[in-house]
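An overview of the molecular structure
Here are the chains, one letter per residue:
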Amino acid sequence: MSHMEDSASAPDAHRRPTGVDDTTVEALGELSKALETIHRVRGHLYSAHQLVGGADLTLDRVVELLRHAGHDEVADRVEQELLGRNVLPGRWTFQIMEEFDDGYYAAFQEIERYAREQLAGGRRHIYEAEMKQRRRTPGMPGHEATPAE
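Residues numbered from 1 in each chain as written. Predicted model: local features only at pLDDT ≥ 70, side-chain atom pairs only at ≥ 80, totals over all residues. Heavy atoms only, no water.

1. Observations concerning the confidence of the model for the protein
- Looking at the protein, pLDDT values average 90 and 93% of them are 70 or higher.
- Ranking the helices and strands of the protein by mean pLDDT puts helix H2 (residues 72-82) first, with 98, and helix H4 (residues 126-135) last, with 84.
- Taken as a whole, residues 1-6 scores under 50 in pLDDT and shows five contacts with residues more than four places along the chain or in a different chain. (pLDDT = per-residue confidence, 0-100. Helix = DSSP H or I, 4+ residues; strand = E, 2+ residues; numbered from the N terminus. Contact = heavy atoms within 4.5 Å.)

As structure tokens, this is what we get:
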């Protein structure tokens, strides 16, 4: 494989290994689909992490404005009870992200990789590659099997 050709464009990168049955390919495809969903969940969690952090930083301005308007009692509650508050017991969102990344997310990725290695020689997206082959129109522009074609 040349330095310009990555494993995803190698001719056999997505080919079904000999002896791998349809049900196994479908199961690996479903596992890959589930992992993709977990990747999306991780992105949503990071969005929540950033949104909560931004809202918390906005509270500094809220406290400043409330004090300027003479609403010290309300400003005190915002400052003391809300600003910097844990989102979950003992945790800010960065801690939630670390626990998710190091626990569930890491385990999901490792098990998906393990299943591919055990059942399909480590090859990814066999199900999708076979679906692409069934759905493409050979010779039609935009339907090439690989980037090099």
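2. Focus: unusual backbone geometry
- Although it is not a glycine, His125 adopts a positive phi angle of roughly 55°.
- Relative to the helices and strands, His125 resides in the loop between helix H3 (93-120) and H4.

3. What about the packing of aromatic side chains?
- Applying the stated rule across the entire model yields four aromatic pairs.
- Measuring from ring centre to ring centre gives 6.5 Å for Trp92 and Phe94, while their planes differ by 80°; the resulting arrangement is edge-to-face.
- What makes Phe94 partly exposed here is its relative accessible area of 39%.
- On the basis of an interplanar angle of 35° and a centroid distance of 6.2 Å, the ring pair of Phe100 and Tyr104 is categorised as tilted. Placement of the pair is Phe100 and Tyr104 together in helix H3, with a separation of four residues, close to one helical turn.
- Residue Phe100 is classed as buried on the basis of its relative accessible area of 14%.
- One aromatic cluster is present, built from ring pairs that chain together Phe100, Tyr104, Tyr105 and Phe108. (Phe/Tyr/Trp six-rings, centres within 6.5 Å; stacked < 30°, edge-to-face > 60°. Buried < 20%, exposed > 50% of the residue type's maximum accessible area, 1.4 Å probe, protein only.)

4. What to know about the nonpolar core
- Counting six residues, the largest nonpolar core is built from Val20, Val25, Leu28, Ala115, Ala120 and Ile126.
- Setting aside its immediate chain neighbours within four residues, Ala115 contacts Leu28, Leu31 and Ala120. (Core = buried A, V, L, I, M, F, W, Y, C linked by side-chain atoms within 4.5 Å.)

5. Describing the pattern of salt bridges
- Within this structure, the stated rule accounts for ten salt bridges.
- Of the charged contacts in the structure, one is a salt bridge between Arg42 and Asp101, with a shortest N-O distance of 2.7 Å. Here Asp101 lies in helix H3 and Arg42 lies in helix H1 (residues 22-68), a separation of 59 residues in the sequence.
- With a relative accessible area of 26%, Arg42 lands in the partly exposed category.
- Classification of Asp101 by relative accessible area gives buried; the value is 16%.
- Between Arg67 and Asp76 there is a salt bridge whose closest N-O contact spans 2.8 Å.
- Overall, Arg67 belongs to the partly exposed group, its relative accessible area being 31%. (Salt bridge = Lys/Arg side-chain N within 4 Å of Asp/Glu carboxyl O.)

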